[in-house]
Each structure stands twice: as structure tokens, then as C-alpha cells.
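Working through the structure, step by step
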Amino acid sequence: MAATAPLAAGAVAAPDQYGAQVAEQILKAGGNAVDAAVATAFALAVTYPEAGNIGGGGFMTIYHNGKPYFLDYREVAPKAATRNMYLDAKGEVIENLSLVGARAAGVPGTVMGLWDAHQRFGKLKWAELIKPAIHFAEQGFVVAPGQFQYREDAVKFFGDKTNFASYFGAMKAGETFRQPELAETLRRISKYGAKDFYQGKTAGLLVAQMKADNGLISAADLRDYRAKWREPIKISWRGNKVYTAPPPSSGGIALQQLLTIKENRAADFKGVAHNSAQYIHLLSEIEKRVFADRADYLGDPDFSKVPVKQLTDNAYLARRAAEVNPKAISPTEKVKPGLETRQTTHFSIVDKWGNAVGNTYTLNWDFGSGVVVKGAGFLLNDEMDDFSAKPGVANAFGVVGKDANAIEPGKRMLSSMSPTIVTRDGKVAMVLGTPGGSRIFTSIFQVLNNVYDYNMPLQQAVAAQRVHHQLLPKDTIFFDAYAPLAGKQAEELKAMGYTLEDQGWNMGDIQAIRINGNMPETASDPRGRGVGRIVK
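Residues numbered from 1 in each chain as written. Predicted model: local features only at pLDDT ≥ 70, side-chain atom pairs only at ≥ 80, totals over all residues. Heavy atoms only, no water.

**A few points about empty space enclosed by the protein**
By volume, the largest cavity amounts to about 70 Å³. Considering the residues around the largest cavity, the lining is formed by 13 residues, among which Ala 45, Gly 52, Asn 53, Phe 378 and Leu 379 are closest to the centre. Among the residues forming the lining of the largest cavity, the class breakdown is eight nonpolar, five polar and no charged. (1 Å grid on protein atoms, 1.4 Å probe; cavity = no way out; pocket = protein on both sides within 12 Å on 5 of 7 lines; lining within 4 Å. Points joined across faces, edges and corners; volume = space filled by probe spheres on them. Nonpolar A, V, L, I, M, F, W, Y, C, P; charged D, E, K, R; others polar.)

Here you go:
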């Protein structure tokens, strides 16, 4: 099938200037959106070490030659992982054990995911795509002010529990930072492909680090890791098709629920001002029901039956919509699952042929577990925290999970990452995504509302105030310091019974592209340091 929508230009919206620069370079060299995505992802592993990664994992939503695809390269639990591995003798969760140190790391998927995407869709040679990342690792990049999002003082947080300080303690804003060990690792991956990371010298260095730090990832874990092509969630919405992440992400199902329940309550929104107290209340009423379902039903579909069809069924969502109270807060204890029985980064790319990639990948929190693979120079994730360490107990994002997301060897942990592509009449209309843990799909939902309900220009839609409610903590609406809840709006919400809380970190970092006719426009969230570029 030939590409259906040639464009006047390609485009990228990336979380830093280096990622944008590399995507532009690859698109100008004749690479397609997947080539540019692979090169950008490797570059960000160098220049955005708090989140860009080869020691983590993620999801890629692709629209290629008029067809949607979804690649799951999420981390998995090591074979030696056990259900209660983060609990003490009394059955209580041990603080930070799933966040700091080698035992917090899942088996990384990024290198395999990027390799598989390139093998299927890439045009340019693999080595050419990794060359820019090698350059930034060897020659260095200029550290941005406040190069963090969720952990302001990572060196202090990790302390002497990891080797983080010896690798990243010297990072200073405005100064050039080099990573020679990482450059060598990238050279090996450039020469030998994913095989080096999973069975070669890099694999050996990773396993040695695990043995030194009492970690769990083994040579067999690396050898057996596979990325998976899955059917994307497809949402029919206002004449558009929205393609987004299926399980083991909760994001796609949640986004479909949010959009559909809101459509069912359209009368409640009529004439309601954007981000007024009433608007935020209505969003909260919808969101609390979505999070109730997320906690009970969602996990790795290879390990438990995820009721996707039931959770996205129009009749079911109409019933959930009928539970919304437009005038007052629904009591938290009465919001039940409906069926019977922090650091991440995202970039969006389109090419001149009309293909698109939305890629979201993660180490989880800033700088992951704090463990750097000695001799290889890359950070490992702390993604094991995304499992339910103890069913019913909240993780670092305050989100509660249950048995469907309990730890099992080889299992993928539940995610909220939701790289999303909107099409109309078979042509890409919009590509967007964001970091933010449990805030990811509620942020995407609000940006879509801003564009399609309130007809905001893309940059305004991305910059607008965003809020978040996730059932627990009870009746709490989170906001960020970039666009705080204040004044009359805040007083009205408090009068309704809501608690308003500054969550202490920015509400995501949306990177979006919208196609107007045959010309793309980009928007990078002012909450971050992202850059958008049009590539002719």
C-alpha cells in the first residue's frame, strides 16, 4: 500500500534540542519517521539521561503507509522475581526497594524495540542512525538548567546506595558533559545490533553489575527478552480514528473510556468554560471511574485476561457515564470497578510521506534506579515499581493496583504510557504523547479536548492548565506550579469538597504535531525544554 498523504514537510517535536536536531538530520538524509525515531531515541539516551534510555523500555505507535502498528518494548520482571520481593517479614512494603538499586530494575527492552522497528520499517542503515548518539556521548552535550523533572537532587536521593554520583555527580548546567563508556557501548550496538546488548559484551557488563549489586537480571533474562508487535487500541471519535497503546499499557483503554464517557455527558459540558470549576469537576467525575477500572482489571495480557472489549464497550461506557454526578462529588467509596465478576519522555515525528511515529519510553523516575552499568555507562530503570508490590498499596505515583498487576517472572508491568496518533480519512491529523506516570492519559485527554472542543491553537492547547484526579487520594485534584489552581476557580472547587494539591512536579511534557492541510505544525510543552522543527 502506498503512503496516502504526502506532506509539504516532515516535523519533529522532541523533549530537547538535541533530539530535535537528530530527527531533522535523519529526515533530511532521506530517512522516514521510523528511522528518525530510532536515531532520536538513541540520541536522547545520551542527552536526556534522566529519562531517555537504553536501560529502560517503552512503546511506539506507528502509522506507516496508511496502516497503524504498535510495538511493545516494555521491560519485564526478571526470572528470579517473586510476588512478595519488596515486602518485609511482616508483609509490609520496604520503602524505596522497588525504586533504588539493582533489584528495582526490570529487563530492559529499548534496544530490542528500536532494532525491531528498524528491521521492519527502516530505510537508512542502522549504523547511520546511531552515529549522532555516539557523537554526543564522545564529544559531549551542554547540560540544561534543572536537568531533571521528578527528582531535584538525584545525587542526594541515591546517596551511597548506588554508583550514580560517580557517573553523573559532575553534571552541571551550562557545562559540557561527556560519557566515554556509553560511547563505546553505542559503538558496539552500532556494529552488532541488538545482539550485543542482549548476548554480547554489553550483556556481560550488565550481568556483572547485577552480581556486584545483588540484582536479579541474568544472562538468560537478556537472551530471552523479546519486543512484541500488538494491535493498537483504535478509537472512533468524532469522525477521527485515534490509535494508541493497548495493554500492558492502561493508557489506551483509559483514553477511550475518558473520550467516550465525556461524549456521553456532552450536555453537561455545553456552555461550560474551559478549566472552570465546573469543567474540572466534570473531568474529575469521569477520571475517578477510569482509575477504578484500571486498578482492578489491567495488567500484562500475556499473564492475565484483560477484558478490553468489555471495558471499551459503548453500552458499558454509557452505564459508567450515567453514574457521573454533574453537581456534586460522587463518594469515593461508592466508585467501584464497573465490570461484573514520573520519568518518561516522549517525542512525535512525521515524515514527508505522511508516516508518523509517537514514541514514549522510560526509566520510570528520574535517572531510574540510580544504578549505572560499570564499563557500559548507561542507567538502569526502576520500572519494577510499576508492579503492585502489594495489591491495594499505592506505588510512587500514588496509584493502586491489584492482582492483575502483581509481580511474576517474565511479566510486563502495567504502564500509563500512551503514544497516540489521530487520523482522519486515512491521513495523519495529530501525533502526541507525554511523560507523567498516571497523569499521561489524563494529560493527552485534556489536550485533545482543548484542540477539538475549544478550537485552541496547538501551542495554546499544549500550554493550557492541566489537572488530574485518580480516585485516590480521596477527592483530591492535583495541579502543577506552571499553571496552579487559584482564585475563584479554586474556591469553588474547595466549596464543592475537593482538596487541591500542587503535585510538586510538572504535569507532563507534551510533544505534539498537528497536520493542517499538508503542512505540519509542532508544539512543545513550555513545562519542559522541548523543541519542535519543521523539516523541508
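**Overview of the UniProt feature "active site" (unreviewed entry) in the chain**
UniProt feature "active site" (unreviewed entry): in the numbering of this structure it lies at Thr 344. When you line up the elements, Thr 344 lands in strand 9 (residues 343-350). Exposure remark for Thr 344: the relative accessible area of 5% places this residue in the buried category. If we ignore the near neighbours within four places in the chain, the residues touching Thr 344 are Ala 51, Thr 360, Tyr 361, Thr 362, Asn 364, Met 417, Pro 435 and Gly 436. (UniProt positions renumbered as here; feature names shortened; annotations may be inferred. Helix = DSSP H or I, 4+ residues; strand = E, 2+ residues; numbered from the N terminus. Buried < 20%, exposed > 50% of the residue type's maximum accessible area, 1.4 Å probe, protein only. Contact = heavy atoms within 4.5 Å.)

**Let's talk about the side chain of Gln 209**
Examined against the element boundaries, Gln 209 turns out to sit in helix 9 (residues 201-212). A relative accessible area of 8% means that Gln 209 is categorised as buried. Residues contacting Gln 209, with those up to four places away along its chain left out, are Asn 163, Val 371, Val 372, Val 373 and Lys 374.

**Considering the sheet that holds strand 12 (residues 427-433)**
Spatially, the six strands line up as an open sheet ordered 7-8-11-12-15-16, and their pairing is antiparallel. What marks the edges here is a single partner per strand, and that holds for strand 7 (233-237) and strand 16 (519-524). Across the sheet, the mean angle separating the axes of adjacent strands is 20 degrees when strand polarity is ignored. With respect to the sheet, helix 11 (residues 251-264) is in contact with strand 7, strand 8 (240-244) and strand 11 (420-424), its orientation differing from that of strand 7 by roughly 15 degrees. Helix 16 (residues 440-452) contacts strand 7, strand 8, strand 11, strand 12 and strand 15 (511-516) of the sheet and is inclined by roughly 135 degrees relative to strand 12. (Pairing = 2+ DSSP bridges. Axes fitted to C-alpha atoms, helices over the stretch in contact; angles between N-to-C directions.)

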